[in-house]
Amino acid sequence: MMERSSVEIFDENYRQIKERISAAAVKSGRKPQDITLLAATKTVDADVINHAIKSGIEYIGENRVQEFLSKEPYYLPVHKHFIGHLQTNKVKDIIGKVELIHSVDSLHLAREIAKQSIKRGITSKVLVEINVGGEDNKYGFSPEAAAQAVSDIALMQGICVRGLMAIPPVCEAPQENIKFFEIMRKLFIDITAQKIDNSNIDILSMGMSDDFESAIECGATMVRLGTALFGKRNYTNK
Ligand SMILES: *Cc1c(COP(=O)(O)O)cnc(C)c1O
């Protein structure tokens with residue numbers, strides 16, 4: 001049997017994923033174009049990413065600074081996001097090169113993003129990461145601390161808060177995730193309604209390959225898909 005190439009795998013997956021996103025959007029009373037598909041491109045070669053971009057992918061997200069910096073010069077024009085845990089000492093390497101940082105998981109990190117942004121005379125757009133399952137091994141603010149974190153970060157010069165991001169616990173049954181997505185939906189609605197000064201909240205980034213349809217049905221405006229688009233990764237890199 002001939003092995004399928006990465007490009008063939010992508011082409012087949014992408015067609016199906018677009019249909020599934022559209023169906024989930026319609027099911028929840030929204031339009032397919034209200035959902036942004038972000039391709040999570042960790043471990044994917046730049047040439048495959050460029051094929052994806054030529055095929056219609058408009059947003060990509062990397063989750064390691066080193067990997068981002070090594071691939072970024074080769075990317076065709078695309079919206080570049082950072083979606084992984086960001087160490088404070090690496091902020092200066094990516095600031096201004098990515099359009100949105102999904103993973104602001106502490107005030108300490110937010111302060112460094114603010115500082116580096118001011119230095120460069122730019123405003124960095126960020127999402128506040130919520131540890132929605134209260135897991136010890138995950139980064140982010142607790143759901144209870146979310147509103148305060150958003151207002152504290154929104155006050156920092158050089159930063160614009162655009163919304164929330166979450167990676168719910170790995171659940172055995174896809175249905176179990178819904179309760180975490182529901183918590184996020186409620187938080188997002190509450191925080192948007194508070195009209196926090198200096199924030200412009202319209203992005204709810206949640207849903208990955210195994211659960212993006214539930215996430216969309218619970219109000220996600222952006223889903224981050226890796227495996228579902230590019231196939232299984234060669235090595236684990238979470
Ligand atoms: C890898 C990754 C994804 C995509 O995961 P898949 O299960 O492969 O779709 C989404 N978000 C973040 C933060 C990631 O690191």
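That block above? That's the structure.
For the structure given in this document, a descriptive report is provided here.

### Digging into helix H2 (residues 46-55)
Along H2, the positions that sit buried rather than exposed are Ala46, Val48, Ile49, Asn50, Ala52 and Ile53. The inward-facing, buried residues of H2 contact helix H1 (6-27), strand E2 (59-62), helix H3 (65-71) and helix H9 (227-230). Gly56 sits one or two positions beyond H2 and adopts a positive phi of about 130 degrees.

### Structural notes on the pattern of salt bridges
Within this structure, the stated rule accounts for 10 salt bridges. Between Glu182 and Arg185 there is a salt bridge, with the nearest N and O atoms lying 2.9 Å from each other. On the criterion of helical spacing, the pair formed by Glu182 and Arg185 is a turn pair, its members being 3 residues apart in helix H7 (residues 177-193). A relative accessible area of 33% places Glu182 in the partly exposed class.

### Details of helix H6 (residues 146-154)
Along H6, the residues classified as buried are Ala146, Ala149, Val150, Ile153 and Ala154. End-on, the buried residues of H6 take up no more than an arc of 125 degrees, which puts them together on one face. Of the surrounding elements, those touching the buried residues of H6 are strand E4 (100-104), helix H5 (107-120), strand E5 (124-130), strand E6 (159-166), H7 and strand E7 (199-205).

### As for the environment of Glu12
Within the secondary structure layout, Glu12 lies in helix H1. According to the relative accessible area criterion, Glu12 is partly exposed, its value standing at 34%. Remark: the alpha-carbon pair of Glu12 and Leu229, spanning 217 residues in sequence, is separated by 8.5 Å.

### A look at the site of the ligand
Around the ligand, the structure places Ala40, Lys42, Asn63, Ile83, Ile167, Met208, Ser209, Arg224, Leu225, Gly226, Thr227 and Arg233. A distance of 2.6 Å separates an oxygen atom of the ligand from a polar side-chain atom of Lys42. Here Thr227 contributes a side-chain N or O atom positioned 2.5 Å from an oxygen atom of the ligand. Relative to its unbound accessible surface of 380 Å², the ligand loses 92% to contact with the protein. In terms of residue class, the shell around the ligand is built from 5 nonpolar, 4 polar and 3 charged.

### Some remarks on the nonpolar core
Looking at soluble globular proteins, one finds that nonpolar side chains tend to be buried together. Of all hydrophobic cores here, the largest spans 68 residues; its most connected members are Ile101, Ile153, Leu164 and Leu229. Leave out the neighbours within four places in its chain, and Ile153 touches Val104, Leu107, Ala110, Val126, Val128, Phe141, Ile159 and Val161. Counting 9 residues, the second-largest nonpolar core is a separate cluster that includes Leu38, Ala40, Leu127 and Met165.

### With respect to the layout of surface pockets
Empty space among the atoms becomes visible once a probe the size of a water molecule is rolled across them. By volume, the second largest pocket is sized at about 300 Å³. Counting residues per element, the ones that place at least two in the lining of the second largest pocket are H1 and H9. Tallied by class, residues from the lining of the second largest pocket come to 5 nonpolar, 6 polar and 4 charged.

### Thoughts on the packing of H1 against H2
Helix-helix packing is characterised by the crossing angle of the two axes and by the distance between the axes. Interhelical geometry of H1 versus H2 gives an angle of 35 degrees and a closest axis separation of 10 Å. Regarding H1 and H2, the two cross each other, and that crossing is right-handed. Listed contacts from H2 to Ser6, Val7, Phe10, Asp11 and Tyr14 of H1 are Val48, His51, Ala52 and Ser55.

What counts, and at which threshold
- Residues numbered from 1 in each chain as written.
- Predicted model: local features only at pLDDT ≥ 70, side-chain atom pairs only at ≥ 80, totals over all residues.
- Heavy atoms only, no water.
- Buried < 20%, exposed > 50% of the residue type's maximum accessible area, 1.4 Å probe, protein only.
- Helix = DSSP H or I, 4+ residues; strand = E, 2+ residues; numbered from the N terminus.
- Contact = heavy atoms within 4.5 Å.
- Salt bridge = Lys/Arg side-chain N within 4 Å of Asp/Glu carboxyl O.
- Arc of directions from axis to C-beta.
- Near = heavy atom within 4 Å.
- Polar contact = N/O pair within 3.5 Å; in protein donor to acceptor, adjacent residues only side chain to side chain.
- Areas by Shrake-Rupley, 256 points an atom, 1.4 Å probe, with all protein chains shown as cover.
- Nonpolar A, V, L, I, M, F, W, Y, C, P; charged D, E, K, R; others polar.
- Core = buried A, V, L, I, M, F, W, Y, C linked by side-chain atoms within 4.5 Å.
- 1 Å grid on protein atoms, 1.4 Å probe; cavity = no way out; pocket = protein on both sides within 12 Å on 5 of 7 lines; lining within 4 Å.
- Points joined across faces, edges and corners; volume = space filled by probe spheres on them.
- Axes fitted to C-alpha atoms, helices over the stretch in contact; angles between N-to-C directions.
- Left-handed = near helix turned anticlockwise from the far one by under 90°.

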